[in-house]
Amino acid sequence: GFSTIRVGDALIGQDVATLTTTSASQTNRILASATTYRTLKVLVQIKSGTSYHATEILLTHNGTTVYMTEYATIFSNSSLATFDADISGGNIRLLVDPNQATSTEFKFSVSGIET
């Protein structure tokens, strides 16, 4: 579920439900409303078997296009996923591409600044 702490126009520590997939196909996670939030920082934790991967992603948008950079990435054995982002249905979405077709669990923590 969501746990939100607000400080002025900022959203801090929004915990997004766990996403688990057994496919190497792209899936998405809605992060926030594009009309409400302009900038997001996403901390992602990924687990598959005994492999672990953590990354941080910074996103901003102009209303139609999301610009992002992924940084501070670390993993135990090999990279477990790649990421992209878009706006669809008025929401900023993180597009998740698991690198394998085995059970992979994603957890997200999102911080954002309102438009």
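It should be noted that the structure appears before, not after, this text.
Note that the structure is a prediction, hence the values are computed from the model and not measured.

1. Topic: the pairing of strand β6 (residues 66–75)
Then step 1. In terms of strand pairing, strand β5 (residues 51–61) meets β6 through eight bridges, oriented antiparallel. Bridge pairing links A54 to I74 in β6.
Then step 2. In this antiparallel pair of consecutive strands, β5 and β6, the connection spans four residues, and G63 shows a positive phi of 105°.

2. Focus on the environment of I87
Then step 1. Inspection of the secondary structure assignment puts I87 in strand β7 (residues 81–88).
Then step 2. Sequence separation of I87 and G63 is 24 residues, and the distance between their C-alpha atoms is 7.8 Å.

3. Describing unusual backbone geometry
Then step 1. Of note in the backbone geometry, A72 takes a positive phi value of approximately 55° without being a glycine.
Then step 2. Its place among the elements puts A72 in strand β6.

4. Section: the environment of T64
Then step 1. Among the structural elements, T64 can be located in the loop between β5 and β6.
Then step 2. Given a relative accessible area of 64%, T64 falls into the exposed group.
Then step 3. The spatial distance from the C-alpha of T64 to the C-alpha of A34 is 8.8 Å, given a sequence separation of 30 residues.

5. Thoughts on the packing of aromatic side chains
Then step 1. If you walk through the whole model with that rule in mind, you get one aromatic pair.
Then step 2. Between F106 and F108, the aromatic rings sit 6.4 Å apart at their centres with planes inclined by 10°, giving stacked as the arrangement.
Then step 3. For F106, a relative accessible area of 0% translates into the label buried.
Then step 4. We classify F108 as buried; its relative accessible area is 4%.

6. What to know about the pattern of salt bridges
Then step 1. Summed over all chains, the structure comprises two salt bridges.
Then step 2. K41 is paired through a salt bridge with E56; the nearest N and O atoms lie 3.6 Å apart. On the criterion of sequence distance, the pair formed by K41 in strand β4 (residues 37–48) and E56 in strand β5 is long-range, its members being 15 residues apart.
Then step 3. Judged by relative accessible area, K41 falls into the partly exposed class, the value being 36%.

7. A few points about the environment of T22
Then step 1. Along the chain, T22 falls in the loop between β2 (10–21) and β3 (27–33).
Then step 2. Sequence separation between T22 and T102 is 80 residues, and the spatial gap between their C-alpha atoms is 4.8 Å.

8. Let's talk about the sheet that holds strand β8 (residues 91–98)
Then step 1. Spatially, three strands are ordered β3-β8-β7 in an open sheet, and the strand pairing comes out antiparallel. Unpaired on one side and paired on the other, β3 and β7 mark the two borders of the sheet. On average, each strand axis in the sheet is tilted by 25° relative to the strand beside it, whichever way the strands run.
Then step 2. As defined by bridge partners, β3 adjoins β8 across six bridges and the pair is classed as antiparallel. Directly across from T27, in β8, lies its bridge partner V96.

What counts and how
- Residues numbered from 1 in each chain as written.
- Predicted model: local features only at pLDDT ≥ 70, side-chain atom pairs only at ≥ 80, totals over all residues.
- Heavy atoms only, no water.
- Pairing = 2+ DSSP bridges.
- Helix = DSSP H or I, 4+ residues; strand = E, 2+ residues; numbered from the N terminus.
- Buried < 20%, exposed > 50% of the residue type's maximum accessible area, 1.4 Å probe, protein only.
- Phe/Tyr/Trp six-rings, centres within 6.5 Å; stacked < 30°, edge-to-face > 60°.
- Salt bridge = Lys/Arg side-chain N within 4 Å of Asp/Glu carboxyl O.
- Axes fitted to C-alpha atoms, helices over the stretch in contact; angles between N-to-C directions.

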